[in-house]
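Summary of the model geometry
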Amino acid sequence: INRAGRTAPLGIEVQQSTFAFDRQGALGNTVFLEFKVINKSGHDIDSCFINLWSDPDLGGAGDDLVGCDTTLSLGFVYNSTNTDQLYADRPPCVGYDFFKGPKVGASTLPLTSFIFYVNGTDPQNANETYNYMKGLQADGSPFLDPNNNPTKFYASGDPVTGTGYLDTSPADRRFMEISGPFTLAVGDTQTIVGAIVISQGGDRLSSISGMKFFDIDAQKAFDLDFQLPPPPPQPRVTFSTDHGIVNLLWDSDSRFNYTPFPGWSFEGYNVYQGASISGPWKRLKTYDVVDGIKDVREPVFDPNVGLIVDDTPTAFGGDNGVVYSFSTGSDAVRGGSLTDGTTYFFAITAYSVNPSPPLGLKKVLETSFAPIAVTIQRPPSGTDNSVAQVDAATDQQASTASPPTTDHVVVDVVDPASITGHTYAVTYSAGPSPTWNLVDRTSGKTLLGSQVERTNSPAYAPVDGMLVKLRETQALAPGDPLNDVYYAPFDSDMPFKGVGAELNYFEDSFGHAWDFLAGVDPTVSPELFKSVELRFGPTQKAYRYFRDELPTTGSPPTGGRGYTYQGFKDVGFQAWDVDDNRQLEVGFVERRITDANRVPVGKQPATQDGTWLPDDSDLGGREYLQISARPYTGSEAPELAQDAAIVGADTLWLYGAWLRRTGSVKSGDKFIIAAGGNVKGTSNDTLVFTTSAPARNQLALQKERLDRIRAVPNPYYSRSSFELSPFNRIIKFMNMPEQAKVRIYDLAGHLIRTLEKTDASSSILQWDITNENRLPVASGIYVYHVEVPNVGSTVGKLIVFMEKERLQNY
């Protein structure tokens, strides 16, 4: 029975639509309520009112206050203190708005009255309800403000500033937000749109400010008929874990399957960690397009201070470049390292930017948070991810009549656990601007299609745990046919970039030719002129020489350059003749400032550090690299280990480089110097490479790692950090294989519980700390026995302290 009273049917049909938006900001904090009110009674109905009624019960219901803002047609509920039984010291505020009231002629009615009553003093009949809807007391008398003036708007002051007419008696409030009167003629339809807006600030009053800020933005969106620029599509995220590490990977649809409004364009990705599945969120990293757009600032609501701050960053780019993977071993929320067995929350968002949007629209459009829960753990015992690898690609030409392409495939393994063991191929599509595709030959699927980029920092995302890159060799500094140097310049993730040069380029200003410039002449011995690949990561020995800078005195000057041998030193790469698959001898030069007797004088260059590492000066500190046609032996050759030898007359390539940016060359980077210049790939070329998947269920590894199995927490003190409620007790057995059986005994030898693990995707087995009858076990010491099929077993102790049971009912 509705105590608010009832009347005969009015003959009105009401159609309600409720909708919301999966977006950040105002629209993500608003639920819209559309009501179509149709008069099907056969007669006009005058003096109609529309009422948005609510019994809000904000957290703890007994400490609520209400208010209204007549300028926004808004009623709201908020907490009387910063201590709430549900929301603690951060109680939110909930607003109820008329975005579109009833129409009277050409006008739309706003909020026309706002009244409240306390639970238990509800209207008892239709007349009392109707009096409330007219903005009166239940008995028909007016509401009076603190100055005893009649008002239809209860508590219309501003609680944030503490001014005006305020609600001061917290209780279990109920309120009506009313618009009217209007006449509903026969057959007429009125469309009324209301909304529920919520904001949680740093305290109860900042929540009110935030709610009004969101309400204004949501009203703008409604007034634009929701014709708003969309954020990019939500990234699809996958992950893998290892001991203390999480690897996050996401797709590139946010970037390439995004159709924005004119003026907005995709800008980047944000990586967040959350304190819980609902936040709050801490930004860990931003990866953005290199386009000069970095920090973007605009007005935002700051919940910590409860104010709208005009010049606040909403995008945090740094022209970092776009990538599609992120790894971390740090807990950015609580500090310290990620802990095995613990669940953490991460989210990847994409955002677009318009630096000068139309009035009322945001510069930055960011996707909403789609949290993923990640439990840090090793792979199942018996898994060896270290064997996951990618072999070098080979060109399987359809016809050998054409020269093979000098394009080369470089693969970064970004997630070893996802390497499939399949065979892959890079194929080319014919046309005036050939594109390339990545095909999984094992499954037959095309993983990347119609790609045009040949770069070390591709726009496309990783697939199957690999970032597959196609690079082309480029020809620079042509001219003198004696020894044109063709090279692929280091690109964005390599710290060096190359300088093409001919052999006769390196003469000093006095015409002194350098001794080491005599080398292989491709016009005389073309068969000796080979393509060379520098492979960074593995090392080899190299002949080190000082380039002595002698003083220039007299007329004409007598100074010049001399080269003094300094020993057989390690360098951070290997040089390979890729045509004949031979490793080659190399030498490098470092500057030394001396007197006429070659005795060092003055401050020496910083690049004089005993290894090949050019700096960022014009000539890279003159740390020239010489690559010999000689096969590498690893032993010092007497004829090269002497002054002025500089690798000798069989020098194949002379290469200069300078520092492009700080950092280290990544292991696995390659640099190709092609003897014949660049040969672009065509449909005649297919670059095929194979992969090796992680080894799984290795019995020897399982046996070796039996001693890693342990129960956590141990001891168990009434609760653990794994538990979400006191009724969900959890102890975890960590570092388990894919299959195992765990038996738990008390000290008397009684079997308490048997658990079986068959999950290949996890190395964790949970126990709810109950016995076979699903009753909680007693406090005490327990022994667990883990049996692994065909491997063996291990035994451990486990101490459990259960809280004292208190019976509430008898």
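Here is a short report on the structure shown in this document. Since we're looking at a predicted model, the values are computed, not measured. (Residues numbered from 1 in each chain as written. Predicted model: local features only at pLDDT ≥ 70, side-chain atom pairs only at ≥ 80, totals over all residues. Heavy atoms only, no water.)

Time to look at helix α2 (residues 204–223). Counted at 1.5 Å a residue, the expected span for α2 with its 20 residues is 28 Å, and the 29 Å between its end C-alpha atoms agrees. Of all 20 residues making up α2, 16 are buried, and the element is well covered by its neighbours. For α2, the N-terminal cap is D203; the gap from its side-chain oxygen to the backbone nitrogen of L205 is 3.2 Å. One or two positions beyond α2, positive phi appears at D225, with a value near 55 degrees. (Helix = DSSP H or I, 4+ residues; strand = E, 2+ residues; numbered from the N terminus. Expected span 1.5 Å × (residues − 1). Buried < 20%, exposed > 50% of the residue type's maximum accessible area, 1.4 Å probe, protein only. Polar contact = N/O pair within 3.5 Å; in protein donor to acceptor, adjacent residues only side chain to side chain.)

On to the sheet that holds strand β3 (residues 45–54). Overall, antiparallel pairing links the 3 strands, which are arranged β3-β12-β9 in an open sheet. Lying at the two open borders of the sheet, with one neighbouring strand each, are β3 and β9 (113–118). Strand after strand, the sheet turns through a mean of 30 degrees between neighbouring axes, direction not considered. As paired elements, β3 and strand β12 (residues 173–184) share 7 bridges and run antiparallel to each other. Paired with I50 across the two strands is S179, which belongs to β12. (Pairing = 2+ DSSP bridges. Axes fitted to C-alpha atoms, helices over the stretch in contact; angles between N-to-C directions.)

This part covers the environment of V374. Topologically, V374 is positioned in strand β23 (residues 372–375). For V374 and L248, which are 126 residues apart along the polypeptide, the C-alpha to C-alpha distance reads 9.7 Å. Here V374 is in contact with F239, T241, V246, T342, T343, Y344 and F346, once residues within four sequence places are set aside. (Contact = heavy atoms within 4.5 Å.)

To continue, consider the sheet that holds strand β15 (residues 245–250). What the 3 strands build is an open sheet, ordered β14-β15-β20; its pairing is antiparallel. Every interior strand has two partners, whereas the edge strands, β14 (237–242) and β20 (325–328), have only one. Between one strand axis and the next, the sheet turns through 15 degrees on average, direction left out of account.

The subject of this paragraph is the packing of aromatic side chains. Within the structure shown, the criterion is met by 32 aromatic pairs. Summarising the aromatic geometry, the rings of F19 and F226 are spaced 5.8 Å apart at their centres and angled 90 degrees between planes, so their arrangement reads as edge-to-face. Taken together, the residues F19 in strand β1 (residues 12–20) and F226 in the loop between α2 and β14 connect sequence positions 207 residues apart. On the accessibility criterion, F19 (28% relative accessible area) is partly exposed. Centre to centre, the rings of F32 and F226 are 5.0 Å apart; their planes meet at 80 degrees, and the pair counts as edge-to-face. Separated by 194 residues along the polypeptide, F32 in strand β2 (residues 30–39) and F226 in the loop between α2 and β14 bring together distant segments of the chain. According to the relative accessible area criterion, F32 is buried, its value standing at 0%. Taking NZ or CZ as reference, K732 lies 4.3 Å from the ring centre of F722, over its face. (Phe/Tyr/Trp six-rings, centres within 6.5 Å; stacked < 30°, edge-to-face > 60°. Lys NZ or Arg CZ within 6 Å of the ring centre and 35° of its normal.)

A few words on the side chain of T367. Its place among the elements puts T367 in the loop between β22 (364–366) and β23. According to the relative accessible area criterion, T367 is buried, its value standing at 3%. T367 has contacts with Q24, P231, P232, P233, Q234, P235, T349 and A350, leaving out every residue within four places of it along the chain.

Picture a little ball the size of a water molecule; that probe, rolled over the atoms, points out where space is still empty. Space inside the second largest pocket adds up to approximately 1,100 Å³. Lining the second largest pocket are 32 residues, with L10, F49, N51, T129 and M133 sitting closest to its centre. Counting residues per element, the ones that place at least two in the lining of the second largest pocket are β1, β2, β3, α1 (126–133) and β12. Sort the elements by how many residues they give to the lining of the second largest pocket and β3 lands first, with 9 residues. Looking at the lining of the second largest pocket residue by residue, the class counts come to 21 nonpolar, 7 polar and 4 charged. (1 Å grid on protein atoms, 1.4 Å probe; cavity = no way out; pocket = protein on both sides within 12 Å on 5 of 7 lines; lining within 4 Å. Points joined across faces, edges and corners; volume = space filled by probe spheres on them. Nonpolar A, V, L, I, M, F, W, Y, C, P; charged D, E, K, R; others polar.)

Okay, the pairing of strand β4 (residues 64–69) next. Extensive coverage of β4 is indicated by the burial of 6 of its 6 residues. Alternating positions in β4 separate into two faces, D64, V66 and C68 on one and L65, G67 and D69 on the other, with burial throughout. Alignment of β4 against strand β5 (residues 74–79), held across 6 bridges, turns out to be antiparallel. The partner of V66 across the bridge, within β5, is V77.

This part is about the environment of N51. For N51, the position within the fold is in strand β3. By relative accessible area, N51 is classed as partly exposed at 25%. On a C-alpha basis, the gap between N51 and I178 in space is 4.4 Å, while along the polypeptide they are 127 residues apart. The contacts of N51, once residues within four sequence positions are left out, are M133, M176, E177 and I178. Within the structure, N51 has its side chain in polar contact with the backbone nitrogen of E177 (distance 3.4 Å).

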